Amino acid sequence: MKIIITGAAGFIGSAVARHLLRDTNASIVCLDKMTYAAHPDTLAPIIDGVRAVFEPVDICDRAEVERVFREHRPDAVMHLAAESHVDRSIEIPGVFIETNVVGTYVLLEAARRHWSDLTGERRESFRFHHVSTDEVYGSLGPTGKFTEETPYAPSSPYSASKASADHIVQAWHHTHGLPVVMSNCSNNYGPYQFPEKLIPLMILNALEGKPLPVYGAGANVRDWLYVEDHAAALVRILTAGRVGQKYNVGGDAERSNLEVVHAICDTLDAMLPRERPRRDLITHVADRPGHDLRYAIDATKIRRELGWEPSVTFEAGLRRTIEWYLDNQSWWQPLRSAVYGGQRLGLGALETTRTLEVVAS
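Trainee: Describe the pairing of strand E10 (residues 246–249), listing the residues and the values that go with them.
Mentor: Along E10, one buried face is formed by Lys246 and Asn248 and the opposite face, lined by Tyr247 and Val249, is buried too. Inspection of the sheet shows strand E6 (residues 180–185) paired to E10 by four bridges, in the parallel sense. Among the inter-strand pairings, serine 183 is bridged to a residue of E10, identified as tyrosine 247.

Here's what the structure looks like:
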């Protein structure tokens, strides 16, 4: 089986690529535009030109995407390429619409044309797996969980762009018959995550003795999923999921943001003691505009139908993650110095907007 992975140099995409090469016989075609959130060293150890090849392609580039399909003739597509940081979507929403909506459309059309030309078993077995987020469902109150039937209620430019992409994928299945599967996941964490996201940002700030900015009271709750568990779930959905169905993937590990930051501080203090506890670095800052209160995934369907469940507890996954950042300073230090130094995003500052537009171009 040959699989195109979009966003393969990113956080989750690279985890999927490593999982496929390690645990299956599949060959992979790694597509990535190599934006600020992609790191060349993430894929370098696995690209061999035989089982794994790299294509530096923007999914919005129709001609290049069609070329990739013609040359590689894939058996499946795993679509993970996306702009994904909510704060950045507040600053530069157009980039999110372009990549997450238009890019998904371009990829669907190329996949549809490719699939239409296939015959026999290859046509029957072809799959387009669209990877999405639980944020399309909006915000939960103190109880309840998102199921696959939860109505969409996106509240940020990011989640709105992903919700749009989800609907487009479903339309291409219902209108054109393209064999798709979909998944919506909870917050991921683990190695190789770009340090604008909560967990790596807090780890690196805490290591450097910098303030740990927590939005509001830190009461916003997320369901945390270790990225390697997510990669295994995505491959399971691709190979065994029912066509036209969607599957929610969650880690069954709800934590408030403040609880997460406390856990990072305490784990680091145990590993690298300092004179003052790292909890003293916590600084409460103005909340993000439109900040959803709580997300929680009901993963009953994927457990029941596909036999998947998370294998890594939050405590074990967090420790593994911290250890990885401690052991891989050569990966993240250049990002901190040249790409993203930990500055606050999402408040509409003109200069920040200009800087991000340059980075995203």
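Trainee: Please provide a residue-by-residue account of the state of the cysteines, values included.
Mentor: Overall, the coordinates contain zero disulfides when judged by the stated rule. No disulfide involves cysteine 30; its sulfur sits 19 Å from that of cysteine 60, the nearest cysteine.

Trainee: Break down the nonpolar core for me, with residues and values.
Mentor: With 34 residues, the main nonpolar core has Ile199, Leu212, Ile264 and Phe314 as its most contacted residues. Taken together, the elements giving at least two residues each to this core come down to helix H8 (198–207), strand E8 (212–215), strand E9 (221–226), helix H10 (257–271), helix H12 (314–327) and helix H13 (329–338). Counting residues in hydrophobic clusters, the runner-up holds 27 residues, among them Ala9, Val16, Ala26 and Cys30.

Trainee: Could you give an account of the pattern of salt bridges, with specific residues and numbers?
Mentor: On inspection of all chains with the given rule, the structure shows 24 salt bridges. One salt bridge in this structure joins lysine 33 and aspartate 58, with 3.7 Å as the shortest N-O distance. A residue pair is termed long-range when its members are at least 10 positions apart, and lysine 33 in the loop between strand E2 (27–31) and helix H2 (40–43) and aspartate 58 in the loop between strand E3 (52–55) and helix H3 (62–72) qualify at 25 residues. The partly exposed category is assigned to lysine 33, whose relative accessible area is 39%. The partner of aspartate 75 in a salt bridge is arginine 122, and the shortest N-O contact between them spans 3.1 Å. Remark: arginine 122 occurs in helix H6 (residues 120–125) and aspartate 75 occurs in the loop between H3 and strand E4 (76–79); sequence separation between them is 47 residues. Classification of aspartate 75 as buried rests on a relative accessible area of 19%. By sharing partners, the salt bridges in this structure join Arg18, Arg22, Asp23 and Glu228 into a single network.

Trainee: Break down the packing of H8 against H12 for me, citing the residues and quoting the values.
Mentor: To describe two helices that pack against each other, one gives the angle between their axes and the distance between the axes. Interaxial distance between H8 and H12 falls to 11 Å at its minimum, and their mutual angle equals 55 degrees. By the criterion of interaxial angle, the relationship of H8 to H12 is oblique. The way H8 lies across H12 gives a crossing that is right-handed. For the pair formed by H8 and H12, the contact residues are Ile199, Pro200, Ile203, Leu204 and Leu207 on the first element and Phe314, Leu318, Thr321, Ile322, Tyr325 and Leu326 on the second.

Trainee: Any chance you could break down the confidence of the model for the protein chain for me, citing the residues and the numbers?
Mentor: Residues of the protein chain with pLDDT of at least 70 account for 96%, and the chain-wide mean is 93. Segment residues 349–361 is flagged for pLDDT under 50; beyond a separation of four residues in sequence, or across chains, it makes 15 contacts in the model.

Trainee: An account of the sheet that holds E10 is needed here, citing residue identities and associated values.
Mentor: Spatially, the seven strands line up as an open sheet ordered E3-E2-E1-E4-E5-E6-E10, and their pairing is parallel. Each edge of the sheet is formed by a strand with only one pairing partner; in this case those strands are E3 and E10. The mean angle between the axes of side-by-side strands here comes to 20 degrees, regardless of whether they run parallel or antiparallel. Two strands pair when backbone bridges link them, and strand E5 (residues 127–133) and E6 are joined in this way by six bridges, in the parallel orientation. If you follow histidine 130 over to E6, its bridge partner there is methionine 182. Sitting on the sheet, H3 is in contact with strand E1 (2–6), E2, E3 and E4, with an inclination near 155 degrees to E3. Across the sheet, helix H7 (residues 157–176) touches E5 and E6, and the angle it forms with E5 is around 155 degrees.

Trainee: Could you give me a rundown of unusual backbone geometry, with the residues and numbers involved?
Mentor: Although it is not a glycine, methionine 34 sits at a positive phi angle of roughly 60 degrees. Among the secondary structure elements, methionine 34 is positioned in the loop between E2 and H2. You can call methionine 34 partly exposed: its relative accessible area is 29%. The phi torsion at tyrosine 192 lies on the positive side, around 70 degrees, for a residue other than glycine. Mapped onto the secondary structure, tyrosine 192 falls in the loop between strand E7 (187–189) and H8. Residue classification places tyrosine 192 among the buried residues on the basis of a relative accessible area of 18%.

Trainee: Provide a residue-level description of the packing of aromatic side chains, including the pertinent values.
Mentor: Inspection of the entire model under this criterion finds 13 aromatic pairs. With centroids separated by 5.9 Å and ring planes inclined at 80 degrees, the aromatic side chains of tyrosine 105 and tryptophan 172 adopt a geometry described as edge-to-face. Linking tyrosine 105 in helix H5 (residues 93–117) with tryptophan 172 in helix H7, this pair joins segments that are 67 residues apart in sequence. Residue tryptophan 172 is classed as buried on the basis of its relative accessible area of 16%. Look at tyrosine 192 and tryptophan 324: their rings are 4.6 Å apart centre to centre, the planes differ by 50 degrees, and that puts the pair in the tilted class. On the criterion of sequence distance, the pair formed by tyrosine 192 in the loop between E7 and H8 and tryptophan 324 in helix H12 is long-range, its members being 132 residues apart.

Trainee: Kindly report on the environment of alanine 171, identifying the contributing residues and their values.
Mentor: Position of alanine 171 relative to the elements: it lies in helix H7. Accessibility expressed as a relative area gives 28% for alanine 171, which makes it partly exposed. With 75 residues separating them along the chain, alanine 171 and lysine 246 place their C-alpha atoms 13 Å apart.

Trainee: Kindly report on the sheet that holds E7, identifying the contributing residues and their values.
Mentor: Reading across from one edge, E7-E9-E11 is the order of the three strands in this open sheet, with mixed pairing throughout. Strand pairing shows two members of the sheet lacking a second neighbour, E7 and strand E11 (254–256), which therefore form its edges. For this sheet, the mean inter-axis angle between neighbouring strands, taken without regard to orientation, is 50 degrees. One ladder, built from three bridges, connects E7 with E9; its direction is parallel. Following the sheet pairing, asparagine 188 is matched in E9 by leucine 225. Along the sheet face, helix H9 (residues 227–240) touches E7 and E9 and points at about 75 degrees away from the line of E9.

Conventions used here
- Throughout, a residue's number is its position along its own chain's written sequence, starting from 1.
- Owing to the predicted nature of the model, reporting of local features is limited to residues with pLDDT of at least 70; listing and counting of side-chain atom pairs is limited to 80 or more, with chain, interface and lining totals taken over all residues.
- Processing note: side-chain calculations cover all non-hydrogen atoms of the structure and skip hydrogens and water entirely.
- Only protein chains enter the accessibility calculation, which uses a 1.4 Å probe; a residue whose area is less than 20% of its type maximum is buried, one above 50% is exposed, and one in between is partly exposed.
- Helix and strand definitions here come from DSSP, where helices need a minimum of 4 consecutive H or I residues and strands a minimum of 2 consecutive E residues; each element is numbered from the N-terminal end.
- A pair of strands is treated as paired once DSSP finds two or more bridges between them.
- For this text, the term disulfide refers to a pair of cysteine sulfurs within 2.5 Å.
- In this text, buried Ala, Val, Leu, Ile, Met, Phe, Trp, Tyr and Cys residues form a nonpolar core when linked through side-chain atoms within 4.5 Å.
- Here a salt bridge means any side-chain nitrogen of Lys or Arg lying within 4 Å of a carboxyl oxygen belonging to Asp or Glu.
- The axes used here are C-alpha line fits, helices contributing only the stretch in contact, and every angle between their N-to-C directions lies in the interval 0 to 180 degrees.
- Convention used here: angles under 35 degrees read as roughly parallel, angles over 145 as roughly antiparallel, angles from 65 to 115 as roughly perpendicular, and any remaining angle as oblique.
- Left-handed describes a crossing in which the near helix is turned anticlockwise from the far one by less than a right angle; the clockwise case is right-handed.
- Whether two residues are in contact is decided by their heavy atoms, any of which lying within 4.5 Å being enough.
- The predictor's confidence in any single residue is recorded as pLDDT, a number from 0 to 100.
- Any pair of Phe, Tyr and Trp rings, taking the six-membered ring for Trp, is counted once the centres come within 6.5 Å. Such a pair is stacked with planes under 30 degrees apart, edge-to-face with planes over 60 apart, and tilted for the rest.

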